[in-house]
Amino acid sequence: NRVIELLNNFKQVAADQVVGEIREIDLPNYINEVMQTLSAELKRNRVNYLYLGEQDILVKTVPGAIAQVITNLVTNSLKHGFDNRESGNISIRIEQQVNDVVIVYTDDGNGMDNEVLTNIFEPFFTTKRNSGGTGLGMNIVYNIVQQKLHGDIKISSAPQQGAHFTISIPQV
């Protein structure tokens, strides 16, 4: 049953990323489905995931864009935040506000210094150029949030203090 559930989640998330249409989703449930598709990668890197937010938040949005943002944030945490660490934690909290929904993504990884924070959304900026980093992942996240989701993204971090992303998107 678990395998069937994972396959169905994977198919839905993959289809959403290709289609790119607007539809109504239960955002916490959808994000948890995305995180389930990443569970093998999380497990391999000994990273725990915890959802802390409200339940039953309906939004009319582009689900594939949400999936890509969450996937890129997780990939970044695994590649950078938990580099040279034995384990880690990722949490996601969703809060409903008047007309917006706020997604708070947090990891307890390596954190970032001011240079990285200043440049993180710039295209081709990477701290892993020698190990295959393109510097496009966070630029893609920024552009998806701004252009496809019509929202905003902010980041706070400090060395050895993890990363904290706050993404606000309109509910409709």
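Look up: the structure comes first, before these words.
Residues numbered from 1 in each chain as written. Predicted model: local features only at pLDDT ≥ 70, side-chain atom pairs only at ≥ 80, totals over all residues. Heavy atoms only, no water.

Chemist: Looking at this structure, I do not really get the overall build of the protein chain. What am I missing?
Modeler: For the protein chain, the helix and strand inventory stands at 6 helices and 7 strands. Overall, the protein chain shows an N-to-C arrangement of helices and strands of α-β-α-α-β-β-α-β-β-α-α-β-β. Counting all 172 residues of the protein chain, 42% fall into the buried class. Nonlocal contacts in the protein chain, meaning residues at least 24 apart in sequence, comprise 70% of its contacts between residues at least 6 apart. Surface exposure of the protein chain reaches about 9,400 Å², of which carbon and sulfur atoms provide 49%. (Helix = DSSP H or I, 4+ residues; strand = E, 2+ residues; numbered from the N terminus. Buried < 20%, exposed > 50% of the residue type's maximum accessible area, 1.4 Å probe, protein only. Contact = heavy atoms within 4.5 Å. Areas by Shrake-Rupley, 256 points an atom, 1.4 Å probe, with all protein chains shown as cover.)

Chemist: Would you mind showing me how to read unusual backbone geometry here?
Modeler: Even without being a glycine, aspartate 56 presents a positive backbone phi close to 55°. Even without being glycine, glutamine 160 reaches a positive phi, approximately 65°. The topology assignment puts glutamine 160 in the loop between strand S6 (152–157) and strand S7 (163–170).

Chemist: Teacher, can you tell me more about the packing of helix H4 (residues 63–81) against helix H6 (residues 137–148) here?
Modeler: Two measures define how a pair of helices packs: the angle their axes make with one another and the distance between the axes. Close contact between H4 and H6 brings their axes to 9 Å; oriented N to C, the two are set at 155°. Between H4 and H6, the angle is such that the two are roughly antiparallel. Crossing of H4 over H6 shows left-handed handedness. Contacts between H4 and H6 pair Ala65, Gln68, Val69, Asn72, Leu73 and Asn76 from the former with Gly137, Met138, Ile140, Val141, Ile144, Val145 and Lys148 from the latter. (Axes fitted to C-alpha atoms, helices over the stretch in contact; angles between N-to-C directions. Parallel < 35°, antiparallel > 145°, perpendicular 65-115°, else oblique. Left-handed = near helix turned anticlockwise from the far one by under 90°.)

Chemist: What's the story with H6 in this structure? I'm lost.
Modeler: Since there are 3.6 residues in each turn of an α-helix, residues three or four apart along the chain are aligned in direction. Between its first and last C-alpha atoms H6 spans 16 Å; for 12 residues at 1.5 Å apiece the expected length is 16 Å, and the two agree. If you check which residues of H6 are buried, you get Met138, Asn139, Val141, Ile144 and Val145. Phi turns positive one or two residues past the end of H6, at histidine 150, with a value near 55°. (Expected span 1.5 Å × (residues − 1).)

Chemist: Help me understand the sheet that holds S6, please; the structure alone is not making it clear to me.
Modeler: Sheets are built from strands that pair by backbone hydrogen bonding, the pairs being arranged parallel or antiparallel. Spatially, 5 strands are ordered S2-S4-S5-S7-S6 in an open sheet, and the strand pairing comes out mixed. What marks the edges here is a single partner per strand, and that holds for strand S2 (47–51) and S6. Neighbour-to-neighbour, the strand axes of the sheet open up by a mean angle of 15°, direction not taken into account. Pairing geometry for S2 and strand S4 (residues 88–96), over 5 bridges, is parallel. Residue tyrosine 49 lies in a different strand from S4, and its bridge partner there is isoleucine 90. Running at roughly 20° to strand S5 (residues 100–107), H4 makes contact with S2, S4, S5 and S7 of the sheet. Along the sheet face, H6 touches S6 and S7 and points at about 140° away from the line of S6. (Pairing = 2+ DSSP bridges.)

Chemist: Just to check I follow, could you spell out the nonpolar core for this structure?
Modeler: As a rule of thumb, nonpolar side chains are buried together in soluble globular proteins. Leu27, Ile31, Ile66, Val74, Ile92, Ile94 and Phe165 are the most contacted members of the largest nonpolar core, which totals 44 residues. The biggest single contributor to this core is H4, with 8 residues. (Core = buried A, V, L, I, M, F, W, Y, C linked by side-chain atoms within 4.5 Å.)

Chemist: Looking at this structure, how should I read the pairing of S7?
Modeler: Within a regular beta strand, the side chains point alternately toward one face of the sheet and then the other, so they alternate between its two faces. The two faces of S7 differ: Ala163, Phe165, Ile167 and Ile169 on one face are buried, but His164, Thr166, Ser168 and Pro170 on the other face are not. The pairing of S5 with S7 spans 8 bridges and is classified as antiparallel. The partner of valine 104 across the bridge, within S7, is threonine 166. Taking the residues between adjacent antiparallel strands as the criterion, S6 and S7 are bridged by 5 residues, where glutamine 160 takes a positive phi near 65°.

Chemist: I'm lost on the side chain of asparagine 72 in this one. Help?
Modeler: Here asparagine 72 lies in helix H4. The buried category is assigned to asparagine 72, whose relative accessible area is 17%. Those residues in contact with asparagine 72 that sit more than four places away from it in its chain are Gly137, Ile140 and Val141.

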